[in-house]
Every structure is written in structure tokens, then in C-alpha cells.
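Read off the chains here:
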Amino acid sequence: MASADIYEKISDAVIRGYPEDVETLVKEALRIGLDPIDILKKGLVNGVKTVGEKFEAGELFLVDLIMAGNAMSIGSELLREAIEEKTGGKGIASIGRVVIGTVKDDIHDIGKNIVVTLLKVEGFEVTDLGKDVPIEIVVKKADELKPNLLGLSALLTTTMIRQKEAIEALKEAGLRDRVKVIIGGAPTTEEWAKEIGADGWAPDAIAAVRKSRELLERD
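Residues numbered from 1 in each chain as written. Predicted model: local features only at pLDDT ≥ 70, side-chain atom pairs only at ≥ 80, totals over all residues. Heavy atoms only, no water.

A.B. asks: Could you clarify how one ought to interpret the sheet that holds strand β5 (residues 200-202) in this entry?
C.D. replies: Pairing within the open sheet is parallel, and its 5 strands lie in the order β2-β1-β3-β4-β5. Where the open sheet ends on each side, the last strands, each with one partner, are β2 (125-128) and β5. Taken pair by pair, the neighbouring strands of this sheet meet at an average axis angle of 25°, ignoring direction. Two strands pair when backbone bridges link them, and strand β3 (residues 149-153) and strand β4 (residues 180-184) are joined in this way by 5 bridges, in the parallel orientation. Paired with S153 across the two strands is G184, which belongs to β4. Packed onto the sheet, helix α9 (residues 205-218) meets β3, β4 and β5 and runs at close to 165° relative to β4. (Pairing = 2+ DSSP bridges. Helix = DSSP H or I, 4+ residues; strand = E, 2+ residues; numbered from the N terminus. Axes fitted to C-alpha atoms, helices over the stretch in contact; angles between N-to-C directions. Contact = heavy atoms within 4.5 Å.)

A.B. asks: Help me out: how do you make sense of the nonpolar core in this one?
C.D. replies: Side chains of nonpolar character tend, in soluble globular proteins, to be buried together. I10, I39 and L44 are the most contacted members of the largest nonpolar core, which totals 44 residues. Among the secondary structure elements, those contributing two or more residues to this core are α1 (3-16), α2 (19-31), α3 (36-56), α4 (62-86), β1 (97-102), α5 (110-122) and α9. Ignoring anything within four residues of it in the chain, the contact list for I10 reads V22, L25, V26, A29, I39, G43 and L44. Judged by nonpolar contacts, the second largest core, of 23 residues, contains V103, V139, A142 and V181. (Core = buried A, V, L, I, M, F, W, Y, C linked by side-chain atoms within 4.5 Å. Buried < 20%, exposed > 50% of the residue type's maximum accessible area, 1.4 Å probe, protein only.)

A.B. asks: Help me understand α5 in this model?
C.D. replies: For the α-helix, the turn length of 3.6 residues means that residues three or four positions removed from each other point alike. Compared with the 18 Å implied by 1.5 Å per residue over 13 residues, the 19 Å span of α5 between its first and last C-alpha is a close match. Of all the positions in α5, only K112, I114, V115, V116, T117, L118, L119 and V121 are classed as buried. At the C-terminal side of α5, G123 shows a positive phi close to 105°. (Expected span 1.5 Å × (residues − 1).)

A.B. asks: I keep staring at the side chain of S153 and nothing clicks. Help me out?
C.D. replies: Locating S153 in the fold gives a position in strand β3. With residues near it in sequence (within four places) discarded, S153 still touches G101, T102, V103, K112, Q163 and G184.

A.B. asks: I'm lost on the pairing of β4 in this one. Help?
C.D. replies: Consecutive side chains along a regular strand alternate between the two faces of the sheet. Where burial is concerned, most of β4 is hidden: 4 out of the 5 residues are buried. Handedness of the β-α-β unit built from β3, helix α7 (residues 160-172) and β4 comes out right-handed. By the bridge criterion, 3 bridges tie β4 to β5 in an arrangement that is parallel. Residue G184 lies in a different strand from β5, and its bridge partner there is A202. Each parallel crossover has a hand, and the one from β4 via helix α8 (residues 190-196) to β5 is right-handed. (Right-handed = clockwise from strand over helix to strand, strands pointing away.)

A.B. asks: How do you make sense of the packing of α3 against α4 when you look at a structure like this?
C.D. replies: Describing two packed helices takes the angle between their axes plus the distance from one axis to the other. Contact pair α3 / α4: the axes reach a minimum separation of 9 Å and the direction vectors enclose 165°. Between α3 and α4, the angle falls in the class roughly antiparallel. In this structure, α3 crosses over α4, and the sense of that crossing is left-handed. Each of P36, I37, I39, L40, L44, V45, V48, V51, G52 and F55 in α3 lies in contact with α4, whose residues at this interface are L62, D64, L65, A68, M72, G75, S76, L79, A82, I83 and K86. (Parallel < 35°, antiparallel > 145°, perpendicular 65-115°, else oblique. Left-handed = near helix turned anticlockwise from the far one by under 90°.)

A.B. asks: Can you walk me through a nonpolar patch on the surface in this structure?
C.D. replies: Together, F61, V63 and M67 make up a nonpolar patch on the protein surface, roughly 290 Å² of accessible area in all. On the secondary structure map, V63 appears in helix α4. When its relative accessible area of 48% is taken as the criterion, V63 is described as partly exposed. (Patch = residues over 30% accessible without salt bridge, like charges linked within 9 Å, V, L, I, M, F, W, Y side chains within 5 Å. Areas by Shrake-Rupley, 256 points an atom, 1.4 Å probe, with all protein chains shown as cover. Salt bridge = Lys/Arg side-chain N within 4 Å of Asp/Glu carboxyl O.)

A.B. asks: How should the environment of G52 be read in this particular structure?
C.D. replies: Here G52 shows up in helix α3. Distance from G52 to L170, taken between C-alpha atoms, is 32 Å for residues 118 residues apart in sequence. Every residue in contact with G52, bar those within four places of it in the chain, is listed here: L65 and I206.

Here is the structure:
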């Protein structure tokens, strides 16, 4: 199978959200000696980008993003060791470091997980803190990892306040000026972001990636 053909097949498997096919094809691409970075970019990344574009155009839905993200994750994990070996353990150059999580008392993470996947596709180095993340952990990781961006997700009206509390905690720790904060989640708005002193707000995963790039370019 020609390299262009296998990249296209990997991309198509991601678009269709077929993780088993992605696994089989990535393994085959590695077996025949294709560059793991090319497999990632020309196969997996190309597929997820296509899904993102179709989602933004209203041609695909949230479930399609989730399925593509899962397929992408399977393929990326298979490539991790090969990429580290090729780059001497350095991995792929990052355009920015992001720490992201769903705030305390909120166990919703589907949207956040999609954002994580798309940020990685775009070349960000992402640390996912998961869901129901205590404010003290948010502050600790912001201090330890020194991210360019901090993403705070809240999917409930009752947990939105945790975004504000996290920003206030960053101020108290003397860290607020060192990191850009972007918030998101179904009940949040641009007005809420301004009210609590966030640097940016995104209504969906695609917008979150775009806003993240925009915030970095301002630096």
C-alpha cells in the first residue's frame, strides 16, 4: 500500500470514528516503516481537522467529534513511543503549554475532552487535570507546570462560581499575571468571562482552539 493511500485510510477511519481501524492502520504504517510524525500529521491530525471543519459547518455533530477524538487518541498512543524514539525523547515541538480541567463539584468532561484532543492536534502541549478538580490543585499545577494557558470548564450553573474562585486563588498566589485563563461550558457566557476576569471564553471546542491561539499571539 502506498504511503499516501494509508494516510488517507487512517484519516478516513478517524473521520468515521472507527478506533479499531485506526489501530490496525497505524500499526501497519509503522510496520512498513513510515515516519511516525507523518502518520500523525497526514493521517490522524488531518482526519480530526476535517471533522472539526465539518462540525463547525453544521455537517457533523457532537457525537462525531467525540468518536473522532477517541479514534485519534488510540492512534496517538500507538505513535507516542515511535515519535519519542525518532526525536530523542523530545516529542513534537509545542506551540504552547496548556493546563485544563473541569472545576470542583462538576463531573462533566465530554466537552473538555474534545478540547484537549483538538488542542493536541493543533500542536499544544496539554496537561489534562480531569474533572471535579479542587482549586488548590489548579493553583498548584499552574505554579508547577507554568502553562501559557489555563482552561477551566464548568457545565453547571452551580459550578460556574468555581471558575471565579480559581481566578481569585491565582491572584492570591501571585500567579494570575503569569497565565492566560480561558473558560467554557454550556452555562458560561462572554459576559461571565469578563465579570470574573478571565482572558477569554469559548462557546464550543472549535472556538476554544481558535481563542487559545489568539491569546498566545497577543503575548
